[in-house]
Amino acid sequence: MAAARDVDVPSLVSAAREGNPRAVARLISLVEDAHPALREVMAALAPDTGRAHVVGLTGAPGVGKSTTTNALVAALRARGDRVGVLAVDPSSPFSGGALLGDRIRMSEHAADPGVFIRSMASRGHLGGLSWAAPQALRVLDAAGCDVVLLETVGVGQSEVEVAGTADTTVVLVAPGMGDGIQAAKAGILEVADVLAVNKADREGAARTTRDLRHMVGMAERDGGGWTPPVVRTVATSGDGVDELLEALDAHRAWLGEDGLRARRVRRAAGEVEALALEALRARVGSVAGADRLEALAAEVVDGRTDPWAAADRLVEAVGEGVSSSGR
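Notes on the structure follow. (Residues numbered from 1 in each chain as written. Predicted model: local features only at pLDDT ≥ 70, side-chain atom pairs only at ≥ 80, totals over all residues. Heavy atoms only, no water.)

### Side note on the pattern of salt bridges
Here is the rule we go by: Each salt bridge in this description consists of a side-chain nitrogen of Lys or Arg and a carboxyl oxygen of Asp or Glu lying within 4 Å of one another. To sort residues, take the accessible area from a 1.4 Å probe on protein chains only and compare it with the maximum for the residue type: under 20% means buried, over 50% means exposed, and anything in between is partly exposed.
On inspection of all chains with the given rule, the structure shows 14 salt bridges. The shortest N-O distance in the salt bridge between D48 and R51 comes to 4.0 Å. Judged by its relative accessible area of 16%, D48 falls in the buried class. In this structure R51 comes out as exposed when scored by relative accessible area, which is 59%. Each of the salt bridges in this network shares a partner with another, and the network as a whole consists of R17, D48 and R51.

Below is the structure:
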């Protein structure tokens, strides 16, 4: 725990609550590094979370996610909102860091104290998000952001994971990319709260919009359920961005406090489960856990037990170990 003592967590958290960008950046770095002080950080931040509207932006590469994010930042700042941006990029195979780091489009906001922009590496995590994204979102929330924009890496069908991380999910498509068909294949319509046809000044935008609205209309929904609007945007010029922002606000209002809480409870359940599973994996990977696993595997090979029973015994043993270490 010596490494944890090297970090003055109370001072960092206090500065982050005041919106100090260096403190926020430092806390997110602790998250990415899985620093020993991370437990203390999350415990200290917990009372200050739950206020930011988390908006996920996803879609295939080339649809203009970064440009749309930049346009939304400008629109949100124009009405006085504090904005956080968490942009998840592919990982460098050499350093493990963000490969693109292409927040150049957002450079105009870099000096704005009301905007915090951070790139994170996906580090091979499937689903378009970094494993550390939920904790990083919590840091930005506690730092006083009214809206946090979560831009995913853009890896295709596994992008649906963003729906479990955001309060409102925007799926971006572009004309001429076959996105209407791809949306149906990937189940994108099931996760989209808002659909945005970006690059709407291109040929085929009207057809793409029409096809998406047709598919939205055919989807089965409970009575009174939310119907995802389809808006057209040209993020490079800002056309349609106000309409997109209105759609985001409308979805947040439709959720209400009860609906928002239900989404966040599901999100927290997934996060808690992931942390618990990681603890179990670490326990199995320890010397004692590896020895136990090898012994059970030998019993299976010798016919003294079956794989299901062996797995039950391993889970029981590992679970007891985790519980005792947590006390």
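Read on for the rest.
### Comments concerning a negative patch on the surface
To keep it simple, the criterion reads: Grouping into patches uses exposed residues only, defined as over 30% relative accessible area, and leaves out salt-bridged ones; the cut-off is 9 Å for like charges and 5 Å for nonpolar side chains (Val, Leu, Ile, Met, Phe, Trp, Tyr). Each accessible area is a Shrake-Rupley estimate made with a 1.4 Å probe; only the visible protein chains count as cover when residues are assessed. Under this rule, positive means Lys or Arg and negative means Asp or Glu; His and the chain ends count for nothing. The atoms used to mark charge sites are NZ of Lys, CZ of Arg, CG of Asp and CD of Glu. Counting from the N terminus, the helices are the DSSP runs of H or I reaching at least four residues and the strands are the DSSP runs of E reaching at least two.
Taken together, the side chains of D201, D239, D242, E243 and E246 present a region of like negative charge at the surface. Examined against the element boundaries, D201 turns out to sit in the loop between β6 (194-197) and α9 (205-218).

### Quick word on the packing of aromatic side chains
How two aromatic rings sit relative to each other is given by the distance of their centres and the angle of their planes. Defined as follows: Only the six-membered ring of Trp is used, alongside the rings of Phe and Tyr, when aromatic pairs are assigned; centres must lie within 6.5 Å, and planes under 30 degrees apart are stacked while those over 60 apart are edge-to-face, with the rest tilted.
Under the definition given, this model contains one aromatic pair. Here W226 and W254 contribute two aromatic rings whose centre-to-centre distance is 5.7 Å and whose plane-to-plane angle is 50°, an arrangement assigned as tilted. Placement of W226 in the loop between α9 and β7 (230-232) and of W254 in helix α10 (residues 241-285) is noted, with a sequence separation of 28 residues between them. The exposure class assigned to W226 is buried, which follows from its relative accessible area of 18%. Note on W254: relative accessible area 40%, which makes it partly exposed.

### A few points about the nonpolar core
Stated formally: Take the buried residues of types Ala, Val, Leu, Ile, Met, Phe, Trp, Tyr and Cys, join any two whose side-chain atoms come within 4.5 Å, and each joined set is a nonpolar core. Contacts are assigned to residue pairs that have any heavy atoms within 4.5 Å of one another.
V24, L86, V139 and L140 are the most contacted members of the largest nonpolar core, which has 34 residues in total. Taken together, the elements giving at least two residues each to this core come down to α2 (9-17), α3 (21-32), α4 (38-45), β2 (83-89), β3 (115-121), α6 (133-142) and β4 (147-151). In contact with V24, other than residues within four places in its own chain, are A16, F116, V139, L140 and A143. Counting residues in hydrophobic clusters, the runner-up holds 24 residues, among them L72, V73, V147 and L149.

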